[in-house]
Amino acid sequence: LWAKGRDEQLGRIVSECGYIARRPVELRVLSALKANRPELAGESEAAVKLLMGAEGDRDQDVAKSAKAALRMLTNAAAVDVLCELAIAEPAGAMAAIVKDVGYQPQNIGRRCALLLLTGQFERYLELDVEFQYLRAEYQTGDKELRRRISEVIRTSGDTRLSGLFREH
């Protein structure tokens, strides 16, 4: 009832008693945020997009908790989802969180793409000296990913990155 109507009295009960729904995931995330338990809100990959939406919630307790929850993800699949959002929009808010917290995708090729696209060149070069992982991502990636990678390399001013386009 609280989630649907946002009745203040019910919200206070959820908050004070720490009531957290088990399911569905939408209600679990929202009630965990209201109960100020952000560590429980990001337990699944489905929760990440819900947390993003909750950042702008009209309930300031929920919004504040959502921001915290995005910074304390422990589920690897949830981290991967957030990292994919950062790869898709490297200048966006999710990329800033990923970079700030140090999240990295499980897949090494996606990790290389993330590091390069978010301007973490030194970390990228330590991981992929031969450009093998990023080259594979570039070759199998869609047109937009290839454009973003090319743009970063072109505008970075770091000549070491041009090795991506050299064939061995």
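Located above this text is the structure these notes cover.
Residues numbered from 1 in each chain as written. Predicted model: local features only at pLDDT ≥ 70, side-chain atom pairs only at ≥ 80, totals over all residues. Heavy atoms only, no water.

Q: Let's hear about the packing of helix 5 (residues 45-54) against helix 6 (residues 60-70): which residues, and what values?
A: Contact geometry for helix 5 and helix 6: axes closest at 8 Å, N-to-C directions at 140°. It follows from the interaxial angle that helix 5 and helix 6 lie oblique. The handedness of the crossing between helix 5 and helix 6 is left-handed. Counting all contacts with helix 5, which are made through Val48, Leu51, Met52 and Ala54, the residues of helix 6 involved are Val62, Ala63, Ala66, Ala69 and Leu70. Here the contact of helix 5 with helix 6 is built from residues that sort into 9 nonpolar, no polar and no charged. (Axes fitted to C-alpha atoms, helices over the stretch in contact; angles between N-to-C directions. Helix = DSSP H or I, 4+ residues; strand = E, 2+ residues; numbered from the N terminus. Parallel < 35°, antiparallel > 145°, perpendicular 65-115°, else oblique. Left-handed = near helix turned anticlockwise from the far one by under 90°. Contact = heavy atoms within 4.5 Å. Nonpolar A, V, L, I, M, F, W, Y, C, P; charged D, E, K, R; others polar.)

Q: So what's going on with helix 8 (residues 93-101)? Which residues, and what values?
A: Listed as buried for helix 8 are Met94, Ala95, Ile97 and Val98. In an axial view of helix 8, the angular spread of the buried residues amounts to 160°, which keeps them on one side of the axis. For helix 8, exposure combined with an orientation more than 90 degrees from the buried face picks out Ala93 and Asp100. Elements that come into contact with the buried residues of helix 8 comprise helix 5, helix 6, helix 7 (76-88) and helix 9 (108-117). Where helix 8 terminates, the next one or two residues include Gly102, which has phi positive at roughly 90°. (Buried < 20%, exposed > 50% of the residue type's maximum accessible area, 1.4 Å probe, protein only. Arc of directions from axis to C-beta.)

Q: An account of the environment of Ala35 is requested, with residue identities and associated values reported.
A: Here Ala35 shows up in the loop between helix 3 (25-34) and helix 4 (38-41). Placed 30 residues apart in sequence, Ala35 and Ser65 show a C-alpha to C-alpha distance of 8.8 Å.

Q: Would you mind going over the pattern of salt bridges in detail, with residue names and values included?
A: Summed over the entire model, instances satisfying the criterion amount to 13 salt bridges. Taking the shortest distance from any N to any O, the salt bridge between Arg154 and Glu151 comes out at 2.8 Å. Residue Arg154 and its partner Glu151 are both found in helix 12 (residues 143-156); the two are separated by 3 residues, about one turn of the helix. Overall, Arg154 belongs to the exposed group, its relative accessible area being 60%. A cluster of three or more residues bridged by salt bridges with shared partners is formed by Lys34, Asp59 and Asp61. (Salt bridge = Lys/Arg side-chain N within 4 Å of Asp/Glu carboxyl O.)

Q: Tell me about helix 9, and please be specific about residues and values.
A: Helix 9 sits mainly inside the fold: 8 of its 10 residues count as buried. Those residues of helix 9 that fall on the buried side of the exposure criterion are Gly109, Arg110, Cys112, Ala113, Leu114, Leu115, Leu116 and Leu117. Packed against the buried residues of helix 9 are helix 7, helix 8, helix 10 (121-127), helix 11 (132-140) and helix 12. Between a side-chain oxygen at the N-terminus of helix 9 and the backbone nitrogen of Gly109 the separation is 2.8 Å; the capping residue is Asn107. (Polar contact = N/O pair within 3.5 Å; in protein donor to acceptor, adjacent residues only side chain to side chain.)

Q: Go over the packing of helix 3 against helix 5, please, and point to the residues and values.
A: Relative placement of two packed helices is described by the angle separating their axes and the distance separating the axes. Two elements in contact, helix 3 and helix 5, have axes whose closest approach is 10 Å; the angle formed by their N-to-C orientations is 50°. By the angle between their axes, helix 3 is oblique relative to helix 5. In the crossing of helix 3 with helix 5, the sense of the turn from one axis to the other is right-handed. Across the interface between the two elements, Val25, Glu26, Val29 and Leu33 of helix 3 pack against Ala46, Ala47, Leu50, Leu51 and Ala54 of helix 5. Of the residues that constitute the contact of helix 3 with helix 5, the class distribution is 8 nonpolar, no polar and 1 charged.

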